[in-house]
Amino acid sequence: TIHRMSEIAKSFQGEVNETNERAKGTLSSRSTDPLALRGANICMYAVREASQGEDVRLHVKKLVAGKAKDAKAFAYKSERAGFQRSSPQNNFRRIIAARIPRGSFCLDTVSYVTEESSEINLDLLLALLNSKILDWYFRLGSTNSKVNEYQFNALPIPAISERGPDVEWKPLLARGRWGELAELLGSAISEPCVMPRVVTEALAEMSRKIQEVEARRILKNRSERSRLAPESQPIQEAINAVLFRCYGLTEDEGRYITARLREML
């Protein structure tokens, strides 16, 4: 049974509204104060230097002063997965997600899910958000550049089952045998729209592998932001193949979606 994202994760708009905080005197010009991340900082699986916009720094004590401990202003203390709230309709992707380092702040051009507001592992959430199938699904219903909360909430997510075969996927992952790993995990999926726990664990680990590669990567030019590193791409393709299977799609249907994504740009 397909679920909706709203059933497993709650997203929040970034905690820093630049206009409001400027009026409150919360913004800082000191280079030692922390930056607030903007949508342009969020790349696939990695937070990078913003490709556009002026840096916004914060007086943290002023930002949190008088706020309740459960207020969004304290979200920087949580583990988070963030995604861009705006991307052009002809962008290389519409949903672009990365881990938000603990201790970071987010402008309202970023949306995020905290560890506490998600029923699934955040690394698994990144694998889902950065997948071809959810990008394709999102594009079908998008009429503008925004990634709105209601659109995030409507994203289809397979049910997660504790049942399923106990497949030995770790040796293939350790050796980087991504195609074989995708086939093995695909064989563990016996029911459409149901993801066995073993598959979720493998996808989360594959997501972490990509995050490690992308964190080390130094971009030579701005255009490289629109693609993963050569070491990451085979892992992502394996994730896509497994998720196509999880959603009950055949290989031909997966190829169709891949082709349609290219046409949608």
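In what follows, the structure referred to is the one given above.
It should be emphasised that the depicted structure is a prediction, and the values quoted were computed from it without experimental measurement. (Residues numbered from 1 in each chain as written. Predicted model: local features only at pLDDT ≥ 70, side-chain atom pairs only at ≥ 80, totals over all residues. Heavy atoms only, no water.)

(A) Region of the structure containing the overall build of the chain. What the chain contains, in helices and strands, is 10 helices and 13 strands. Taken over C-alpha atoms, the radius of gyration comes to 19 Å for the chain, in line with the 18 Å a tight globule of 265 residues would show. For the chain, the C-alpha atoms occupy an extent of roughly 55 × 40 × 40 Å along the three principal directions. Residues counted as buried form 52% of the 265 residues belonging to the chain. Roughly 13100 Å² of accessible area belongs to the chain as shown, and the carbon and sulfur atoms make up 49% of that amount. (Helix = DSSP H or I, 4+ residues; strand = E, 2+ residues; numbered from the N terminus. Rg over C-alpha atoms; globule rule 2.2 N^0.38 Å. Buried < 20%, exposed > 50% of the residue type's maximum accessible area, 1.4 Å probe, protein only. Areas by Shrake-Rupley, 256 points an atom, 1.4 Å probe, with all protein chains shown as cover.)

(B) Just the pattern of salt bridges, in detail. Counted under the stated rule, the structure contains 19 salt bridges. Residues arginine 99 and glutamate 79 are paired through a salt bridge, measuring 3.0 Å at the closest nitrogen-oxygen approach. Taken together, the positions of arginine 99 in strand E9 (residues 97-100) and glutamate 79 in the loop between helix H2 (60-64) and strand E8 (80-84) put the pair 20 residues apart, joining distant regions of the chain. Arginine 217 is paired through a salt bridge with glutamate 214; the nearest N and O atoms lie 2.8 Å apart. Each member of the pair arginine 217 and glutamate 214 is classed as buried. Three or more residues joined by partner-sharing salt bridges are found here, namely Glu79, Arg99, Arg102, Asp123, Glu205 and Arg208. (Salt bridge = Lys/Arg side-chain N within 4 Å of Asp/Glu carboxyl O.)

(C) Spotlight on the packing of aromatic side chains. Scanning all chains against the criterion turns up four aromatic pairs. Between phenylalanine 83 and phenylalanine 152, the ring centres sit 5.0 Å apart and the planes meet at 10 degrees, which makes this aromatic pair stacked. Here phenylalanine 152 lies in helix H5 (residues 149-153) and phenylalanine 83 lies in strand E8, a separation of 69 residues in the sequence. Above the plane of the ring of tyrosine 112 lies arginine 80, whose end atom (NZ or CZ) is 4.5 Å from the centre. (Phe/Tyr/Trp six-rings, centres within 6.5 Å; stacked < 30°, edge-to-face > 60°. Lys NZ or Arg CZ within 6 Å of the ring centre and 35° of its normal.)

(D) Inspection of unusual backbone geometry at higher detail. We note that tyrosine 45 has phi near 70 degrees; this positive angle belongs to a residue other than glycine. One can find tyrosine 45 in the loop between strand E5 (42-43) and strand E6 (46-47). Judged by its relative accessible area of 3%, tyrosine 45 falls in the buried class. Unlike most non-glycine residues, cysteine 193 shows phi in positive territory, near 70 degrees.

(E) Seen up close, the sheet that holds strand E2 (residues 12-13). Spatially, the four strands line up as an open sheet ordered E2-E11-E8-E9, and their pairing is antiparallel. The strands lining the two open edges of the sheet, one partner per strand, are E2 and E9. Summarising the sheet, E2 and strand E11 (residues 110-114) pair through two bridges and their orientation is antiparallel. Each residue of the ladder has a partner; that of phenylalanine 12, found in E11, is tyrosine 112. The strands touched by helix H3 (residues 122-129) are E8, E9 and E11; relative to E9, the strand with the most contacts, the crossing angle is about 160 degrees. (Pairing = 2+ DSSP bridges. Contact = heavy atoms within 4.5 Å. Axes fitted to C-alpha atoms, helices over the stretch in contact; angles between N-to-C directions.)

(F) Summary view of the side chain of arginine 80. With respect to the element layout, arginine 80 can be found in strand E8. Reaching out from arginine 80, the side chain makes a polar contact with the side chain of glutamate 15 at a distance of 3.0 Å. Arginine 80 has contacts with Glu15, Ala75, Ala98, Arg99, Ile100, Ser104, Phe105, Cys106, Tyr112, Val113, Thr114 and Leu122, leaving out every residue within four places of it along the chain. (Polar contact = N/O pair within 3.5 Å; in protein donor to acceptor, adjacent residues only side chain to side chain.)

(G) Broad picture of the packing of helix H4 (residues 132-141) against helix H10 (residues 251-264). Relative to each other, H4 and H10 sit at 50 degrees, their axes nearing to 10 Å. Between H4 and H10, the interaxial angle falls into the category oblique. Crossing handedness for the pair H4 and H10: left-handed. Contact residues: Lys132, Asp135, Trp136, Arg139 and Leu140 in H4; Ile257, Thr258, Arg260, Leu261 and Met264 in H10. Residues of the contact of H4 with H10, tallied by class, amount to five nonpolar, one polar and four charged. (Parallel < 35°, antiparallel > 145°, perpendicular 65-115°, else oblique. Left-handed = near helix turned anticlockwise from the far one by under 90°. Nonpolar A, V, L, I, M, F, W, Y, C, P; charged D, E, K, R; others polar.)

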